[in-house]
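Each chain, written out:
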Amino acid sequence: MPLSEVIMEFVVNRSLVKVIEQVIDEDGSIKDSASSELKKSRQQVQVLERKVQQLMESLIRIERSETSMLEVNNIDGRWCIRVDSGQKTSFKGLLLSSSGVGSTVEPLSAVPLNDELQRARGLVAKAEAEVLLTLTKKIQLDVDDIENILNSLVQLDVINARATYGLSFGGSNPHIFLPDRNSSSTAQSLTRNDNSNGPLPNNREWILHLPKAYHPLLLQSHRENSQKSKEDVATSVAALDKGQPQPVPVDFLVSNKTHVIVITGPNTGGKTICLKTVGLAAMMAKSGLYVLASESVQIPWFDCVFADIGDEQSLSQSLSTFSGHLKQISNIKLQSTRQSLVLLDEVGAGTNPLEGAALGMSLLESFAQDGCLLTIATTHHGELKTLKYSNEAFENACMEFDEVNLKPTYKVLWGIPGRSNAINIAERLRLPSVVIDTARKLYGSSSAEIDEVITDMEKLKQDYHKRLTEAQYYLIQSKRLHSSLLNTRRKITEHSTTLRLKKLRDVSDSAAMARSILHKNVRELAASAKKTSQHNKAIESSHVSTTNSLHTASDDKKPTITDRSPSDAKKFDKSSAGRFAVPKVGDTVHVSSLGKKVTILKVDSSKGEVEVQAGIMKLKLKVTDIQRL
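Conventions adopted
Residues numbered from 1 in each chain as written. Predicted model: local features only at pLDDT ≥ 70, side-chain atom pairs only at ≥ 80, totals over all residues. Heavy atoms only, no water. Helix = DSSP H or I, 4+ residues; strand = E, 2+ residues; numbered from the N terminus. Polar contact = N/O pair within 3.5 Å; in protein donor to acceptor, adjacent residues only side chain to side chain. Phe/Tyr/Trp six-rings, centres within 6.5 Å; stacked < 30°, edge-to-face > 60°. Buried < 20%, exposed > 50% of the residue type's maximum accessible area, 1.4 Å probe, protein only. pLDDT = per-residue confidence, 0-100. Contact = heavy atoms within 4.5 Å. Axes fitted to C-alpha atoms, helices over the stretch in contact; angles between N-to-C directions. Parallel < 35°, antiparallel > 145°, perpendicular 65-115°, else oblique. Nonpolar A, V, L, I, M, F, W, Y, C, P; charged D, E, K, R; others polar. Salt bridge = Lys/Arg side-chain N within 4 Å of Asp/Glu carboxyl O. Disulfide = S-S within 2.5 Å. Pairing = 2+ DSSP bridges. Expected span 1.5 Å × (residues − 1).

Caption draft 1: Spotlight on the side chain of N396. Within the secondary structure layout, N396 lies in strand 13 (residues 394-402). A distance of 2.9 Å separates a polar atom in the side chain of N396 from the backbone oxygen of K385.

Have a look at this one:
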């Protein structure tokens, strides 16, 4: 989409393009149709050139027999004859420009034609100038649009060049850590270094990860040599015999806690190449290029990359090697910000070793305290290796050295201070053994003991980091198992809850079904009881009618109620009151329609109803349907 937006912003004046196409040919020359005067002048020039050429050819045919060689040349617009002859010769009708061997002569009859041809060519040049002037005036009206198009085309060409380079050499797309522009602490960190600045803010999270990064020029040189070897068989055999080495990549992994890296190691070990590889990777990432690394690259955004690499000696400025380095580092201190990358090669070199080491330690501590985002320095001073053990902002690295073959491997070893191995390298370069032995004696045992102490400390640190890594691994495993147990516990709880809810639903469904069956049975029992009650009433009514007839027949034999004795009346009242009295909750009564004893659960006096418990059933009955025991 960004490229599409750039292309869509093009403003092309079609009328101007048409005018240019009418005037300028595809090869950049002016067309004859651009001007009538130009066309006329060019035709006149062509006619005169043909006349002169015909004249010269006729003279050559006449004089060919008298000369060893004749050659017609057009010198500065004038047709001349070049004569190669071993003696001075003059020709009839020719004007000698010089004499002797290699003479150039001009025909007398061609002089007027040449002069006229020169005038015609002058008219052509004048006409062409007028055409170009007119075209320039038309172009000036759209010069802003043309300039914008030109800038856009340059931008697209640069993007195309970057893409071509990325496709050609591969690499990986860098992930860039940008500074937080809205953070006040970051804004302060981007200011120039001065005495008022405090320490670096700790909230800037970044990482520098360059896995197997190559120096672009080394990779390009190796590729070119390989291509030449493929093209030429003899060169290929020679290259195979010579054993051209493959460039060795470097690995960098730096976190935001580290601000200064001290790289040590032997001479010709690759320390300077490491500095240049990191610096070029930072610049390539900023320029929109793929970084030549095997995996994904993570790199912070450096506003500037400052480097003090190489010999800064200057005779014109009366600067020694040491003075040149100091001047360069001083300029870096003044111009760098807290978002800069600083590369220092052989810091503290070029002077007394003790003073140089002290100055180097002071400079690196200054960069670590209030200097740049990241500083990488190479050195041979052993004192700079100890800064790591007193300041956590420092980190040691060294270039690996093969002690057996006495050759550098060009690999970076992190956390380990290296040794210069100068004596071993001198021995490999076949320096006299007497010199080597004397140097080892002068080097002394104290320096060797310091190296041994540093080596032991590094071994202890590596062992500590190894155990720490194992502890972190087991901690991660325990956390993972704990998380798995919690997940299993949650699943068991959910499963038990699901089972309990399922059982409750089953019980509820069974209860609902049981209630439905009971209600159906109750309705059937109630209907049966109602039929039985109606049948009993019919029998009672018939029995009463029979009794009444009997009573009527024997009225004289049975006394009336009033004739009854007081004891008989009292006995009747008691039995009637006991049968139809309202019962109480908890009483046991007899239901004649059911032929069962039931218990009173609820009494509704206003409706004359009671609720009874008959086995597992609850029924509502009239008070008249029950009998107290």
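Picking up where we left off.
Caption draft 2: View of the packing of aromatic side chains. Summed over the entire model, instances satisfying the criterion amount to three aromatic pairs. For the ring pair F252 and W414, a centre distance of 5.0 Å and an interplane angle of 80 degrees mean the geometry is edge-to-face. Residue F252 is located in strand 7 (residues 250-255), and its partner W414 is located in strand 14 (residues 407-414); the two are separated by 162 residues in the primary sequence. What makes F252 buried here is its relative accessible area of 1%.

Caption draft 3: Local environment of the confidence of the model for the protein. Predicted confidence across the protein gives a mean pLDDT of 75, with 73% of residues reaching 70 or more. Averaged pLDDT values over the elements of the protein bottom out at 39 in strand 3 (residues 94-96) and peak at 93 in strand 11 (residues 341-344). Contacts for the low-pLDDT stretch residues 183-203, under 50 throughout, to residues beyond four places or in other chains number 42 contacts. Counted against residues more than four places away or in other chains, residues 556-578, with its pLDDT under 50, gives two contacts.

Caption draft 4: Examining unusual backbone geometry more closely. Despite not being glycine, K212 shows a phi value in the positive range, around 50 degrees. Among the secondary structure elements, K212 is positioned in strand 6 (residues 207-213). Not every positive phi belongs to a glycine, and Y410 is a case in point at roughly 65 degrees. In this structure, Y410 sits in strand 14. Using a relative accessible area of 40% as the deciding quantity, one classes Y410 as partly exposed.

Caption draft 5: How the structure looks around the packing of helix 10 (residues 321-335) against helix 11 (residues 353-370). The geometry of helix 10 relative to helix 11 is characterised by a closest axis approach of 13 Å and an angle of 10 degrees between their N-to-C directions. Relative to helix 11, the element helix 10 lies roughly parallel. On helix 11, the residues touching F322, L326, I329, I332 and K333 of helix 10 are L359, L363, S366, F367 and D370. For the contact of helix 10 with helix 11, the class distribution of residues is seven nonpolar, one polar and two charged.

Caption draft 6: Quick look at the pattern of salt bridges. Counted by the stated rule, this structure contains six salt bridges. Note that R467 is salt-bridged to D463, the shortest N-O span being 3.2 Å. With R467 and D463 both in helix 13 (residues 433-553) and four residues apart, this pair spans about one turn of that helix. Exposure remark for R467: the relative accessible area of 55% places this residue in the exposed category.

Caption draft 7: How the structure looks around the environment of S255. Take S255: it is sitting in strand 7. With relative accessibility at 33%, the residue S255 sits in the partly exposed group. Along the chain, S255 and E205 lie 50 residues apart, while their C-alpha atoms are 8.3 Å from each other.

Caption draft 8: Region of interest: the state of the cysteines. Across all of its chains, the model carries zero disulfides by this definition. Cysteine C372 remains unbridged, with the sulfur of C304 as its closest cysteine sulfur at 9.7 Å.

Caption draft 9: A look at the sheet that holds strand 12 (residues 374-378). Spatial strand order, 10-11-12-8-13-14: six strands in an open sheet with mixed pairing. With partners counted over all chains shown, the strands left at the sheet margins are strand 10 (305-308) and strand 14, one partner each. Looking at each pair of strands side by side, their axes are set apart by 15 degrees on average, direction ignored. Where strand 8 (residues 260-264) lies against strand 12, four bridges are found, and the strand directions are parallel. Paired with V260 across the two strands is T375, which belongs to strand 12. Along the sheet, helix 10 makes contact with strand 10 and strand 11, crossing strand 10 at roughly 165 degrees. Sheet strands in contact with helix 11 are strand 8, strand 11, strand 12 and strand 13, and its direction is about 150 degrees off that of strand 8.

Caption draft 10: Expanded view of the sheet that holds strand 19 (residues 626-628). In space, the five strands of this open sheet follow the order 18-17-16-15-19, with antiparallel pairing throughout. Both edges of this open sheet fall to strand 18 (617-622) and strand 19, since each of them pairs with a single strand only. Neighbour-to-neighbour, the strand axes of the sheet open up by a mean angle of 45 degrees, direction not taken into account.

Caption draft 11: Broad picture of helix 9 (residues 271-286). Helix length check: helix 9, at 16 residues, gives a terminal C-alpha distance of 23 Å against a target of 22 Å (1.5 Å per residue), a fit within 8%. Of the positions making up helix 9, those classed as buried are K271, C274, L275, T277, V278, G279, A281, A282, M284 and A285. Remark: G288 follows helix 9 within two positions and exhibits a positive phi of approximately 85 degrees.

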